[in-house]
Every structure is written in structure tokens, then in C-alpha cells.
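Inside the fold
Here is what each chain is made of, one letter per residue.
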Amino acid sequence: MGSGEPNPAGKKKKYLKAALYVGDLDPDVTEDMLYKKFRPAGPLRFTRICRDPVTRSPLGYGYVNFRFPADAEWALNTMNFDLINGKPFRLMWSQPDDRLRKSGVGNIFIKNLDKSIDNRALFYLFSAFGNILSCKVVCDDNGSKGYAYVHFDSLAAANRAIWHMNGVRLNNRQVYVGRFKFPEERAAEVRTRDRATFTNVFVKNIGEDIDDEKLKELFCEYGPTESVKVIRDASGKSKGFGFVRYETHEAAQKAVLDLHGKSVDGKVLYVGRAQKKIERLAELRRRFERLRLKEKSRPPGVPIYIKNLDETINDEKLKEEFSSFGSISRAKVMMEVGQGKGFGVVCFSSFEEATKAVDEMNGRIVGSKPLHVTLGQARRRC
């Protein structure tokens, strides 16, 4: 390539530096509204609202692509947290290469925040320590949940923020500021600590006739218990699992070793250490990832997810129940210890078939239970 010719790679890099991510958008915001909001900052290439590939409903974020990086930088510095459709939006540089974000380098976690501290306040509190890539106070329908994340462009900036802000009082509340840890890392720490001290035992696949007293009789021989509870639904029917809390770790450990896999009233018990919420979420992520990798080799389709399956339902019966709605590429009941886990997936060849199945099967009683059926996202593989 001659020296006088434009450099495509350089042009691409410049173009990417002129793109902004716009988050926390109201669902009614359109591309045209984004264009009108940001056009005064400089010439635009295009705006985009990201949508669900199946339902086409907005996902709450989008992108604004400027012609010139200087205009994008001006918008980032002056328009962050402005209102659009009555709701403040969040700006950050678009990062096509998400390796930095996924690495966690430069990311910090803040908790015990006063509810009055929003994204704007958090941004200006922490911008003194370095260049911020993203900044978000986690909220629900009731407002701030009291914790947040700030991602700096360097580890040094993150360390400065931790050093200066950890333990500081903000609006009369002492905040914790520390290094961000991925859920798997936090779950591993909890798991390592709890294995040597746990006293709470989780038991599932118990019969419907087993109540608190019968469960206590089964477990009390291993040591004194503090509480025994069979979990029930709103109608008072057993959900098939419960918890036993012992006074000592030794008693809990002995019950797990002795009762796990034991058959009681024709049912094989699962007995294990009761996991903390963060461990359960991490396990679900691992299972989902394994399932995702496994399903890459499967034929295309649109999945629907079925919960509250009767224990008598297997793969064949599941496929039979849904086969009248269209062509099924896969029907699978999730299993554990030889027993159905109460949920499964069915993949149809088209969106129309899947939608019809959801409409007609959601709430229908199959076996002895009403099904809960929802539509998944269309995937390249199912």
C-alpha cells in the first residue's frame, strides 16, 4: 500500500473511537429520539437501539456513532446522565473488544451506599481517581439497592479508588470499596469457608407424606437439631425438599455422608450442604455454559422452557405432549440422581410453532401438575 493511500485499519480504529454506548434507556426511546438528542453534539453516522432477536422488544441500551471522535468525546463529557424521555441515560465508550471488561482488571465494587447516590453522583465521586469506562448503581423498581460497580481503564486507578474511598462515610454511611470479584471467585471463597463449618443441610426428593416431624425423626439420630422444615407451596403441598439445621458441624457432616443416596419410601434422597445463594447462582451459570456448549452441535430451532413437570414425565412423554404443535428437534427433561428435576426444554423448528405451544400448553395440567411454559430466544442451534 502506498503512503498516499488511506489506511483501512486506521480508519476503522478512528470510527470505533467515535462510538458511544447509551445505557439505562426508557423502553419507549427510539433511534430517531437518540438521533435528535445527540445531533447537536456533532454529525452522526447512525444511532441504534438494541432489541431482542425474537420479540423485538428494546433491551434498554443502544449506540450512537459520531463521524468525529472529538464530537463523541464532547458528548461523553457534557451529556452523560442527561434525560431522554424523562429518564437519565448512561454514556460510555463503545468497546467492541470486550477482553478488558471480561478480565475484571480495573473494576471495583462498592456497597452500603446511601439510596440518594445515583449514577451521576457516583461518577463524579470516583472520576478523581482515573478514567472511568463504566459506572453503575444497581437499582430495582424501588430505586438503589445500595451497591454499585465502577470500571476504570487501569488497575492503578482502581487501586487508588480503593485506597482512598474504602471506609469513607458518604451521607452518614460507611461504604465498602474493594476489588471486583467474579461470581465464581466469590462462590469458591464461600464454598471453601463453609465446607469446614456448615450446619445447615439441604434434602430433596422427599415424599409428599413426609412432614416436619417425620423429617426430624429421620435426621435427629445424627445429632441435636435447631430447626427442621419441609418447604411447601401456597396450598400447603410439599415441594419435595426441605432443610435441617444442626447445632454442630459434625452432626451435619455425618448426616450428609450417611443419608445421601439412601432410599426412603421408594425415593432416592439427595442430601448435601445447603449452599449459599451465590454458590447456587454460580452453579446455574456453569450448568448453563455446559448446556450452551453442548447444544452448539444441535440443529437450529426455537426453544420453549417447561417448569413444574410431573415426576412421571420423561423425554419421550415430553415430546409426545408437544408434538401436535409442530416439528420438534429436541425434547429433554433435566435429570438428577435418576429423577426428573421438574423442568425441561422443547425445541421447535419455527417461532410460530413455539408460540402456539406456549399459548396452548401454559397452565395445562399434564400428569398431576399444571405446566409453566415460556418462550426462549431463537438460537442458531437448539
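Residues numbered from 1 in each chain as written. Predicted model: local features only at pLDDT ≥ 70, side-chain atom pairs only at ≥ 80, totals over all residues. Heavy atoms only, no water.

As annotated in an unreviewed UniProt entry, the protein chain carries the name Polyadenylate-binding protein 5 and comes from Callithrix jacchus. Within the UniProt record for the protein chain, the comment given under Subcellular location (unreviewed entry) is "Cytoplasm". The UniProt entry for the protein chain carries the following comment under Function (unreviewed entry): "Binds the poly(A) tail of mRNA. May be involved in cytoplasmic regulatory processes of mRNA metabolism. Can probably bind to cytoplasmic RNA sequences other than poly(A) in vivo." (UniProt positions renumbered as here; feature names shortened; annotations may be inferred.)

Focus on unusual backbone geometry
In this structure, Asn112 takes a positive phi of about 65° despite not being glycine. Mapped onto the fold, Asn112 is located in the loop between strand E7 (107-111) and helix H5 (119-126). One non-glycine residue, Asn172, adopts positive backbone phi at about 65°. When you line up the elements, Asn172 lands in the loop between strand E10 (169-170) and strand E11 (173-174). With relative accessibility at 68%, the residue Asn172 sits in the exposed group. (Helix = DSSP H or I, 4+ residues; strand = E, 2+ residues; numbered from the N terminus. Buried < 20%, exposed > 50% of the residue type's maximum accessible area, 1.4 Å probe, protein only.)

Examining the environment of Lys262
Summarising the element assignment, Lys262 is placed in the loop between helix H9 (249-259) and strand E16 (263-264). Here Lys262 falls in the partly exposed class, since its relative accessible area comes to 38%.

Let's talk about a negative patch on the surface
Residues Asp209, Asp211, Glu213, Glu217 and Asp265 make up a contiguous surface patch of negative charge. Tracing the sequence through the fold places Glu217 in helix H8 (residues 212-219). For Glu217, a relative accessible area of 57% puts it in the exposed group. (Patch = residues over 30% accessible without salt bridge, like charges linked within 9 Å, V, L, I, M, F, W, Y side chains within 5 Å. Areas by Shrake-Rupley, 256 points an atom, 1.4 Å probe, with all protein chains shown as cover. Salt bridge = Lys/Arg side-chain N within 4 Å of Asp/Glu carboxyl O. Lys, Arg positive; Asp, Glu negative; His and termini not counted. Charge placed at Lys NZ, Arg CZ, Asp CG, Glu CD.)

As for the side chain of Lys267
Considering the arrangement of structural elements, one finds Lys267 in strand E17 (residues 267-268). Look at Lys267 and you get buried, because its relative accessible area is 16%. Only 2.9 Å separates the side chain of Lys267 from the side chain of Glu311, close enough to count as a polar contact. Dropping the residues within four chain positions of it, Lys267 is found in contact with Asn205, Ile206, Gly207, Lys262 and Glu311. (Polar contact = N/O pair within 3.5 Å; in protein donor to acceptor, adjacent residues only side chain to side chain. Contact = heavy atoms within 4.5 Å.)

Section: the nonpolar core
If you look at the biggest cluster of nonpolar residues, it comprises 22 residues, and the most contacted ones within it are Ile108, Ile110, Leu113, Leu122, Phe126, Val150 and Phe152. Listed by contribution, the elements that provide at least two residues to this core are E7, H5, strand E8 (132-140), strand E9 (143-152) and helix H6 (155-165). Broken down by element, this core gets its largest block of residues, four residues, from H6. (Core = buried A, V, L, I, M, F, W, Y, C linked by side-chain atoms within 4.5 Å.)

Some points on the packing of aromatic side chains
With the rule as written, the count across this model stands at 17 aromatic pairs. Consider the rings of Phe322 and Phe325, whose centres lie 6.4 Å apart with planes at 55°: the pair is tilted. By way of ring pairs, the aromatic residues Phe109, Tyr147, Tyr149 and Phe180 are connected into one cluster. It is Lys111 that lies over the ring of Tyr176; its NZ or CZ is 5.3 Å from the centre. In this structure, Lys204 packs its charged tip against the face of Tyr270, placed 5.1 Å from the ring centre. (Phe/Tyr/Trp six-rings, centres within 6.5 Å; stacked < 30°, edge-to-face > 60°. Lys NZ or Arg CZ within 6 Å of the ring centre and 35° of its normal.)

A short note on the pairing of strand E13 (residues 200-204)
With five bridges joining them, E13 and strand E15 (residues 238-246) adopt antiparallel strand pairing. Bridging across to E15, Asn200 finds its partner in Arg245. Where E13 and strand E18 (residues 270-273) come together, four bridges link them in antiparallel fashion. Looking at E18, one finds that Lys204 is bridged to Tyr270. (Pairing = 2+ DSSP bridges.)

Considerations on the sheet that holds E18
A sheet is described by the order of its strands in space; here four strands give the open sequence E14-E15-E13-E18, paired in antiparallel fashion. Of all strands in the sheet, those with a lone pairing partner are strand E14 (225-232) and E18, marking the two edges. Geometrically, the sheet is characterised by an average inter-axis angle of 20° between neighbouring strands, direction not taken into account. Here H8 sits on the sheet in contact with E13, E14, E15 and E18, set at roughly 135° to E14. Where H9 meets the sheet, its contacts fall on E13, E15 and E18, and the angle it forms with E18 comes to roughly 150°. (Axes fitted to C-alpha atoms, helices over the stretch in contact; angles between N-to-C directions.)

Quick word on the pairing of E15
Side-chain positions along a regular strand alternate between the two faces of the sheet. Taken together, the six bridges between E14 and E15 define a ladder with antiparallel strand orientation. Among the inter-strand pairings, Val230 is bridged to a residue of E15, identified as Gly242. Hairpin connection from E14 to E15: five residues lie between these consecutive antiparallel strands, with Gly236 at a positive phi of about 95°.

Regarding the sheet that holds E9
Ordered in space as E8-E9-E7-E12, the four strands form an open sheet in which the pairing is antiparallel. Each edge of the sheet is formed by a strand with only one pairing partner; in this case those strands are E8 and strand E12 (176-179). Mean inter-strand twist for the sheet, computed between neighbouring axes without regard to direction, equals 20°. Inspection of the sheet shows E8 paired to E9 by seven bridges, in the antiparallel sense. Residue Lys136 lies in a different strand from E9, and its bridge partner there is Tyr149. Here H5 sits on the sheet in contact with E7, E8, E9 and E12, set at roughly 145° to E8. Strands E7, E9 and E12 of the sheet are contacted by H6, whose axis makes an angle of about 150° with E12.

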